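Understanding the architecture of this molecule
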Amino acid sequence: MNPDAILSFEEAMEKYDPVLGFEVHVELNTKTKMFSSAPNVFGDEPNTNVNEVDLGMPGVLPVVNKAAIESSIKIGLALNCKIAESCRFARKNYFYPDTPKNFQTSQYDEPIAYDGYLDIELSDGTVFRVEIERAHMEEDAGKLTHMGGATGRIQGADFSLVDYNRAGVPLVEIVTKPIEGAGSRAPELAKAYVAAVREIVKNLGVSDAKMERGNVRCDANVSLRPHGRERFGIRSETKNVNSLRAVEHAVRYEIQRHAAVLDSGEPVIQETRHWHEDTRTTTSGRAKSDADDYRYFPEPDLVPVVPSREWVEELRATLPEPPAARRKRLQADWGYSDLEFRDVVNAGVMDEIEETIAAGASASVARKWWMGEIVGRAKNADVDPGQLGVQPATIVELARMVEEGKINNKMASEVLDGVLAGEGSPAEIVEKRGLAVVSDDGPLLEAIDAALAAQPDVADKIRGGKVQAIGAIVGGVMKATRGQADAGRVRELILEKLGVTA
Amino acid sequence: MTDTNELIRLTAAALAEKLAAGEVTSVEVTQAYLDRIAAVDGGERGVNAFLHVNAEEALAVAAEVDALRAAGGAEAEALHVLAGVPIAVKDLIVTVGQPTTAGSKILEGWYSPYDATVVERLRAAKMPILGKTNLDEFAMGSSTEHSAYGPTRNPWDLDRIPGGSGGGSAAAVAAFEAPLALGTDTGGSIRQPGAVTGTVGVKPTYGSVSRYGAIAMASSLDQIGPVSRTVLDSALLHQVIGGHDSRDSTSLPDPLADLVAAAKTGNVEGLRIGIIKELHGEGYQAGVENRFNDALELLKEAGAEIVEVSCPNFQYALGAYYLIMPSEASSNLAKFDGVRYGLRVLPEEGPMTIERVMGATRAAGFGDEVKRRIILGTYALSAGYYDAYYGSAQKVRTLVQRDFDAAFTVADVLISPTAPTTAFRLGEKLDDPLAMYLNDVATIPANLAGVPGLSLPGGLADEDGLPVGIQLLAPAREDARLYRVGAVLESLLEAKWGGPLLAQAPALGELVEAKEAK
């Protein structure tokens, strides 16, 4: 069969039931590395944040970073895991030039955290429980850059450069149990799960949690089985899917690909797959087989990690409010509807709204500004809303000016543009641009008369009780006053003039 | 000034006294040893104990100590008791400023960018480092014949092995090329060379001396320890190098009892000394057995109570050791791949892939014994074999520890011959790895259990006139007991011999020349 054949997602779902599994690697933001005192810093000159331990020099020994253990326990607790009373590191032996010792020191059969779960809320509010098998500690490898050759892979490269700055950076690998029953929601669940893990580690402050920097990396396992069958199908593991969107797309693609393979009557090959963001497809990597023998054995240079129960409880007490619980609390506090709140979350402005409210705005004003004004501007600028640099105090000031009738909403929006353009504070911009609501009724009444005269049929409708038709007259007045009129006052005056009560 | 021939024969303790009293300078002492090395170590029939001689730096340190002493005052007062006493370092231990080869071609010419913790401590004590001593490649062997730089010869008979893997350190001390040396002991590499060269060697309690900077063979078994001519000298050196090190996770947090005091106040009265039934008799050379019995007799006369203990699981210790040690070694030696340091060999033909460069480097850089152990260990750790080999060996290890625990409920110290035979001839066991491995049968249990062991000279075997070693074993952290008992036995034996055993060794300088003249 054509190895690139895929079924449509809908067709795949008609016949098969997907089973997922994730391995998410989280780089911890400890000051030093997992087993050495070298700095754990991203983006420095290659091979500067290394010492003899990171380079695997003869005679060196590892020492476990206590801060990394603390972070790992926090992650375990946040994932509702049990924390091991004693656990060891093991050596995973394989020869590869990014691994200075030619073995990776990693927890194997004794993870520090195990048997947890994470409740994932999907976009429609459905809650899906993902069981966590384990979260274990390990060290990152160095970074290889393959020079020459067309693919950027080691095959066909002329030579390769290695940067050991990343070698020994502490990682926590979070492994799920097989996730069954997601059905057609599988791609969405995949994205939501990884997003939730990222949110948790960011919220804990244990990782910078930037997927684009590889702080959070996801390997996605997918298998299919015909509806009604209990036994799992053969899985593929798509490596290093490093954005939330890519996680969703990769799972969707693999479901479609597996379905085509199964439909053709051929077996799915157990293998790793590479994700290609440009084509949104995967290609075959390395076949996984019994030939992969890492010869694990307990790391004899390290003693077991034995976190006391007191310490674990102390750490539990310091855990920040879980993101899901926080969302529930904020929604209740702010009085948003489910839809309003979900829009806020999806727009990624929950933290900003919280800060704006803390600065003195009401919940509805904060939402109006962020959702109504700032999100759209961010979309146009292709940045996150938080990156526009709007200060909560700015919004509070704008809102106050509107409330006091100094400017109207339209003007306020214009002022915000000025603030974003760096023209100064809202008050300065109002001053500079000569913006002020015309509050003298004289000029307004003239404009109203003109507008009523221009649209006599509308005036008649209003007189006849169709008050909602007033918009056309108000619009005419606002146009005539170049938007400087207070629309509320205009409305009042029109009704007064026509002798209608609203 | 003392005659240099006498000077090099002084114990480290005696040298320290003379230095402190100003009777001799460290430069004189260091130069005397450098001269001795020049006289007996090189050449076709030289001892070949040293792979590198560090004359310039050693003399500079010696001169610094002399200057401090001459200036007097607080700085002179603060000098360590062994300040100015030279020492040799096994070439498995990394040193800044001198090459470290581990006896292997794969590290030829490599200079460590950092000092081992024990080396830092030698430097802090201002002990001139004479150089780096020969060893079986990566400490794998019992004869020093597996060195990539030629075998070391036994000063008692240049056609015989000096033991291994630390044959260089033991031979250097026995040949009066150094008063002290550092060794490493994974299965007997300090004690067995001590036994066959008539010197003292101690494997401390696992974790009591930092392993940071000792190139690992088997991490759970390796331990750095002292090599010397007397029990007191080992205690002095042990105290310099021991103590907690935050860079070694397996380092014990608390210090040991005063070892020097134990060596100085030796006393065995009322002490229960246990003969390990399984570690003598059948398989042990008659002359070894005789000297062992002599030692027991002397200890009994001195007031010790001799008891017999049985350690039935010791019969499995050698087998377990030859699974655990190669397993750990196969992983520890994986880092030698030509990528970051040391030898890099490019394949002669075919594609230049990283796997092939690593393969060519390791094929050319490692000797046969190292390859044998890497293959053994890789196999023992393989999926499907792990439980049967590595797993079972770990269970035996626990049983050996239990045997020791039980034995130490009825005995304060255990005793055995250190090695089943005296020094064998160079080449004799080179083609028979199993026979070679059997040499360590009495020393291996201590490594498996992490307990300390000391070997001291027990006299010469009747049949070949070669040194026999007596091994003392104590519970973990009770290293002081070894020095207490060792010092007593040493003084009783020396009284019997009318002086140190090494005084009976052939005059080496003449021997080297005579052999060369042949």
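Bear in mind the structure is a predicted one, so any value in this text is a computation, not a measurement.

Topic: the overall build of chain B
Helix and strand counts for chain B stand at 19 helices and 11 strands. Rg of the C-alpha trace for chain B: 22 Å, near the compact-globule value of 24 Å for 518 residues, within the 12% margin. Across its three principal axes, chain B shows a C-alpha extent of roughly 65 × 55 × 50 Å. Sorting the 518 residues of chain B into buried and exposed places 63% on the buried side.

Topic: the overall build of chain A
Each helix and strand in chain A was counted, giving 16 helices and 14 strands. At 30 Å, chain A has a C-alpha radius of gyration far larger than the 23 Å of a compact globule built from 502 residues. The C-alpha extent of chain A, read off along each of the three principal axes, is 90 × 55 × 50 Å. Looking at chain A residue by residue over its 502 residues, the buried ones come to 48%. Total accessible area on chain A stands at roughly 23,600 Å², and carbon and sulfur atoms take up 49% of it. Placing the 60 positive and 80 negative side-chain charges of chain A at their respective mean positions leaves the two points 1 Å apart.

Remarks on the environment of I395 of chain A
Residue and element names in this part refer to chain A. For I395, the location among the structural elements is in helix α10 (residues 392–403). The buried category is assigned to I395, whose relative accessible area is 0%. Taking the C-alpha atoms as reference points, I395 and A436, 41 residues apart in sequence, are found 18 Å from one another.

Notes on the environment of L135 of chain B
Relative to the helices and strands, L135 of chain B is located in the loop between β3 (129–133) and α7 (167–174). The exposure class assigned to L135 of chain B is buried, which follows from its relative accessible area of 0%.

Concerning the sheet that holds strand β10 (residues 453–460) of chain B
Residues and elements named next belong to chain B. Sheet architecture is open: 11 strands sit in the order β1-β3-β2-β4-β6-β5-β10-β11-β9-β7-β8, paired in mixed fashion. Edge positions in the sheet fall to β1 (50–53) and β8 (305–309), since each of these pairs with one other strand and no more. In this sheet, adjacent strand axes meet at a mean angle of 25° when their direction is disregarded. As paired elements, strand β5 (residues 200–203) and strand β6 (residues 224–228) share two bridges and run antiparallel to each other. Paired with V200 across the two strands is S228, which belongs to β6. Its contacts with the sheet put helix α6 (residues 117–124) on β2 (87–90), β3, β4 (180–184) and β6, and the angle it makes with β3 is roughly 160°.

Looking at the interface of chain A and chain B
Contact residues are listed per partner, giving 32 residues for chain A and 38 residues for chain B. Per-residue buried area on chain A facing chain B is highest for P58, L61 and R295 of chain A; these three make up 22% of the total on that side. Summed over the shared surface of chain A and chain B, the result is one salt bridge. R211 of chain B serves as the salt-bridge partner of D301 of chain A, at 3.0 Å between the closest nitrogen and oxygen. If you look at where chain A meets chain B, you find 18 residue pairs in polar contact (both at pLDDT 80 or more). Elements supplying a minimum of two residues to the side of chain A that touches chain B: β3 (90–93) and β14 (297–298) of chain A. Across the side of chain A that touches chain B, the residue classes break down as 22 nonpolar, four polar and six charged.

Looking at the nonpolar core
Counting residues in each nonpolar core, the largest one holds 161 residues, and the members touching the most others are L122, F138 and L182 of chain B. Top element by residues in this core is helix α12 (residues 317–332) of chain B. It accounts for nine residues. The contacts of L122 of chain B, once residues within four sequence positions are left out, are I87, V89, M127, I129, L182, L237, V240 and I241 of chain B. Ranked by size, the runner-up nonpolar core spans 72 residues in total, among them A135, L189, I255 and A259 of chain A.

What about the side chain of E254 of chain A?
Here E254 of chain A is to be found in helix α4 (residues 244–263). The residues contacting E254 of chain A, other than those within four sequence positions of it, are V222, S236, T238, R273 and T282 of chain A.

Here's the deal with the domain arrangement of chain A
By domain assignment, chain A separates into domain 1 (9–313), domain 2 (323–407) and domain 3 (441–498). Taken over C-alpha atoms, the centre of domain 2 of chain A sits 32 Å from the centre of domain 3 of chain A.

Let's talk about the packing of helix α6 (residues 323–334) of chain A against helix α7 (residues 338–347) of chain A
All names here are of chain A. The contact between α6 and α7 brings their axes to 11 Å, and the two run at 125°. With respect to α7, the axis of α6 lies oblique. Considering only the axes of α6 and α7, their crossing is right-handed. Contact with α6, carried on its side by R327, L330, Q331 and W334, involves D338, F341 and V345 of α7 and no other residues of that element. Within the contact of α6 with α7, the residues separate by chemical class into four nonpolar, one polar and two charged.

A closer look at the side chain of R217 of chain A
Residue and element names in this part refer to chain A. Secondary-structure assignment places R217 in strand β10 (residues 216–226). Only 3.4 Å separates the side chain of R217 from the side chain of E27, close enough to count as a polar contact. Excluding its chain neighbours within four sequence positions, the residues that come into contact with R217 are E23, V24, H25, E27, D140, R166, L171, N240 and N242.

What to know about the environment of G469 of chain B
Residue placement: G469 of chain B occurs in strand β11 (residues 467–473). Sequence separation between G469 of chain B and A178 of chain B is 291 residues; the distance between their C-alpha atoms is 20 Å.

Topic: helix α11 (residues 286–301) of chain B
All names here are of chain B. Its 16 residues place the ends of α11 23 Å apart at the C-alpha level, agreeing with the 22 Å of an ideal helix rising 1.5 Å per residue. Taken together, the buried positions of α11 are occupied by G287, V288, E289, R291, F292, A295, L296, L298 and L299. Elements that come into contact with the buried residues of α11 comprise β7 (272–276), β8, β9 (413–417), β10, β11 and α18 (479–497). Taken from the residues just after α11, G303 is the one with a positive phi, measuring 110°.

What to know about the pairing of strand β9 (residues 170–176) of chain A
All names here are of chain A. Of all seven residues making up β9, seven are buried, and the element is well covered by its neighbours. Side-chain alternation along β9 places P170, V172, I174 and T176 on one buried face and L171, E173 and V175 on a second face that is also buried. Here strand β1 (residues 16–27) pairs with β9 via five bridges, running antiparallel. Looking at the pairing, E23 lines up with V175 of β9.

Some details on the pattern of salt bridges
Residue and element names in this part refer to chain A. Counted by the stated rule, this structure contains 60 salt bridges over all chains. Across the pair K33 and D54 runs a salt bridge, and its minimum N-O distance is 3.9 Å. Linking K33 in the loop between β1 and α2 (66–78) with D54 in the loop between β1 and α2, this pair joins segments that are 21 residues apart in sequence. Of the residues examined, K33 reaches a relative accessible area of 0% and is grouped as buried. Taking the relative accessible area as the measure of exposure, D54 reaches 6% and is therefore buried. Of the charged contacts in the structure, one is a salt bridge between R273 and E271, with a shortest N-O distance of 2.6 Å.

Calculation notes
Chains are numbered independently. Their residues run from 1 in the order of the written sequence. To read the labels, note that chains go from A and ligands from 1, taken in the order they are written. Under the rules for a predicted model, residues below a pLDDT of 70 receive no local features and side-chain atom pairs below 80 are neither given nor counted, while totals for whole chains, interfaces and linings still include all residues. Calculated side-chain values reflect all of the structure's heavy atoms, with hydrogen atoms and water omitted. Helix numbering and strand numbering both begin at the N terminus, where a helix is a DSSP run of H or I of at least 4 residues and a strand a DSSP run of E of at least 2. Computation of the radius of gyration draws on C-alpha atoms alone. For the globule rule, the value is 2.2 Å times the number of residues to the power 0.38. Each residue's exposure class comes from its accessible area (1.4 Å probe, protein chains only) as a fraction of the maximum for that residue type: buried when under 20%, exposed when over 50%, partly exposed otherwise. Residue exposure ignores everything except the shown protein chains as possible cover, and the areas themselves are Shrake-Rupley values with a 1.4 Å probe. Two residue types count as positive, namely Lys and Arg, and two as negative, namely Asp and Glu; His and chain ends fall outside the count. Working definition for charges: the position is that of NZ of Lys, CZ of Arg, CG of Asp or CD of Glu. If DSSP finds at least two bridges between two strands, the strands pair. In this analysis, axes come from line fits to C-alpha atoms, helices being fitted only over the stretch in contact, and the angle between any two N-to-C directions falls in the range 0 to 180 degrees. Note on definitions: a residue-residue contact is assigned when non-hydrogen atoms from the two residues lie within 4.5 Å. A quick way to say it: buried area is the sum, across both parts, of accessible area lost when two parts are put together, with a 1.4 Å probe. Salt bridge, as used here: a side-chain nitrogen of Lys or Arg that lies within 4 Å of a carboxyl oxygen of Asp or Glu. Think of a polar contact as two N or O atoms within 3.5 Å of one another; within protein, one of them needs to be a possible hydrogen donor and the other a possible acceptor, and neighboring residues in sequence only count if both atoms come from side chains. Polar here means any residue other than Ala, Val, Leu, Ile, Met, Phe, Trp, Tyr, Cys and Pro, which are nonpolar, and Asp, Glu, Lys and Arg, which are charged; Gly is therefore polar. Nonpolar cores were defined as sets of buried Ala, Val, Leu, Ile, Met, Phe, Trp, Tyr and Cys residues, with membership established by side-chain atoms within 4.5 Å. The source of the domain bounds is an automatic or database domain assignment. Throughout this description, any angle smaller than 35 degrees is read as roughly parallel, any larger than 145 degrees as roughly antiparallel, any in the 65 to 115 degree range as roughly perpendicular, and the remainder as oblique. Handedness of a crossing follows from how the near helix is turned relative to the far one, being left-handed for an anticlockwise turn of less than a right angle and right-handed for a clockwise one. By this rule the span expected of a helix is its residue count minus one, scaled by 1.5 Å.

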